[in-house]
Each structure stands twice: as C-alpha cells, then as structure tokens.
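Topology and contacts: notes
What follows is the residue order along each chain.
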Amino acid sequence: MQQNSRFVLLSLSLLFLPFIFSNAEKGHLFGGWTPIKDIKDPHVMEIAEFAVDEYNKQSNSSLILQKVVKGETQVVAGINYRLVLKAKNGSMAKKYQAVVWEKSWLNFRNLTSFTLVKVFWKLA
Ligand SMILES: *[C@@H]1O[C@H](CO)[C@@H](O)[C@H](O)[C@H]1NC(C)=O
Ligand SMILES: *[C@@H]1O[C@H](CO)[C@@H](O)[C@H](O)[C@H]1NC(C)=O
Ligand SMILES: *[C@@H]1O[C@H](CO)[C@@H](O)[C@H](O)[C@H]1NC(C)=O
C-alpha cells in the first residue's frame, strides 16, 4: 500500500514537470523574459530612442534609430527592456541589442548594454 501511493505521487510529479518547465520558458516564472506584443507602442519607441541617444553620447557615435525589430521585458526592481533594433551608422544599417533598465516611478532609465547583433545566417 505504502509503496503504491509513493509510486502514484512520483508519477504525478513527473507528469507535471514538463508543464512547469514550459511555463518557465514562456517567462511566467523566475523573472523570465516576456516578448513585447506591440513593438510599435510609443513607450517602447521611447525606450529605443533613449538607448540610441545614450549610446551615441557614451561612445561619440551618430547612430540613427530606424525601427525596433523585436523586444522583451523582464520585471525586476522596475522593468528591463531588451530590444533588438535597427539603426543606421552612416550608410550602413545594422541590428543592435539594447538593454534599458527603467524605474518609471523614479523617472530613472539606464542603458545597461548596447551590442551589435551578430547575424550568422539570416540576412533580412
Ligand atoms: C566625437 O566625434 C566628432 C565627430 O566625429 C569629433 O569631432 C569629436 O572630436 C569627437 N569627440 C570625442 C570626445 O571623441
Ligand atoms: C559605425 O561606423 C564606424 C565607421 O565605419 C565604425 O568605426 C563604428 O565602430 C561603427 N559603430 C557602430 C556602433 O557600429
Ligand atoms: C548604468 O549602467 C551602467 C552600465 O551597466 C553602469 O556602469 C552605471 O553605474 C549605471 N548607472 C546607474 C545610475 O545605475
């Protein structure tokens, strides 16, 4: 009897494991990243403009934002925005990944990283 109910418990938890992990992948658990549904949202555009302006200031560049390609958010103490954006550097348009940390209630924004996205096989 004892043995049997333990077996049932074990089987049940194994059944639920994939469910837990697939949810974690979608970013609903553990402060994961959630895709931004509307990348044309004015606030998302504002964050992207901020990232490019800030990068230009910090590195004395003159990138011009063209569009946000995609983005994700992560709830931290505030919100992290991880955006892939297309920007022009002179005559060359390239993709960059910018991470901006925003604490809107403090009017605080910080560009935490800005890197060139390496494109290995996709040219679009
Ligand atoms: C920034 O770039 C401009 C134009 O390329 C140049 O004239 C200027 O000296 C640079 N400033 C710094 C601090 O590197
Ligand atoms: C922009 O282009 C200049 C000149 O080609 C290059 O030196 C610089 O690293 C580029 N900057 C970025 C952020 O791609
Ligand atoms: C903003 O981010 C940069 C890069 O991660 C960091 O060096 C700097 O201390 C941050 N500034 C604030 C006010 O958090």
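Residues numbered from 1 in each chain as written. Chains lettered and ligands numbered in written order. Predicted model: local features only at pLDDT ≥ 70, side-chain atom pairs only at ≥ 80, totals over all residues. Heavy atoms only, no water.

Looking up the protein chain in an unreviewed UniProt entry gives the name Cystatin domain-containing protein, with the organism given as Gossypium barbadense.

A closer look at the site of ligand 3
Formally: The rule for a residue being near a molecule or strand is that one of its heavy atoms must lie within 4 Å of it. To measure how exposed things are, a 1.4 Å probe is used in the Shrake-Rupley method; for residues, cover is taken only from the protein chains shown. Following the grouping adopted for this structure description, the nonpolar residues are Ala, Val, Leu, Ile, Met, Phe, Trp, Tyr, Cys and Pro, the charged ones are Asp, Glu, Lys and Arg, and the polar ones are all others, Gly among them.
The environment of ligand 3 is formed by Phe108, Asn110, Leu111 and Thr112. Look at ligand 3: alone it shows 360 Å² of surface, and the protein chains cover 34% of it. Class assignment for the residues of the shell around ligand 3 results in two nonpolar, two polar and no charged.

Let's talk about the packing of aromatic side chains
The cut-off we apply is this: Any Phe, Tyr or Trp ring, taking Trp's six-membered ring, that has another such ring centre within 6.5 Å forms a pair; planes under 30 degrees apart are called stacked, those over 60 apart edge-to-face, and the others tilted. A run of H or I in DSSP counts as a helix once it spans at least four residues, and a run of E counts as a strand once it spans at least two, with each numbered from the N terminus. Three labels apply to residues, based on accessible area from a 1.4 Å probe with only protein chains included: buried if under 20% of the type maximum, exposed if over 50%, partly exposed otherwise in between. Charge-over-ring contacts are defined here by two conditions on Lys NZ or Arg CZ: a distance within 6 Å of the ring centre and an angle within 35 degrees of the ring normal.
All chains considered together, the criterion is met by three aromatic pairs. Ring centres of Tyr55 and Phe114 lie 4.1 Å apart, and the angle between their planes is 15°; this geometry places the pair in the stacked category. On the criterion of sequence distance, the pair formed by Tyr55 in helix H2 (residues 42–59) and Phe114 in strand E5 (residues 108–116) is long-range, its members being 59 residues apart. Arranged with centres 5.3 Å apart and planes meeting at 80°, the rings of Trp101 and Phe108 form a pair that is edge-to-face. Note on Phe108: relative accessible area 29%, which makes it partly exposed. Taken together, the ring pairs connect Tyr55, Tyr96 and Phe114 into an aromatic cluster. Looking at Lys103, its charged tip hangs above the ring of Phe108, at a distance of 4.9 Å from the centre. Above the plane of the ring of Phe50 lies Arg109, whose end atom (NZ or CZ) is 5.9 Å from the centre.

Brief notes about the site of ligand 2
Note the cut-off: Between N or O atoms, a polar contact is any pair within 3.5 Å; within protein, one atom must be a potential hydrogen donor and the other a potential acceptor, and residues adjacent in sequence are included only when both atoms are from side chains.
Taken together, Tyr55, Asn89 and Tyr96 are the residues near ligand 2. For ligand 2, an oxygen atom lies 2.3 Å from a polar atom in the side chain of Asn89. The contact in question runs from an oxygen atom of ligand 2 to an N or O atom on the side chain of Tyr96, over 2.8 Å. Protein contacts shield 40% of the accessible area of ligand 2, which totals 360 Å² for the unbound molecule.

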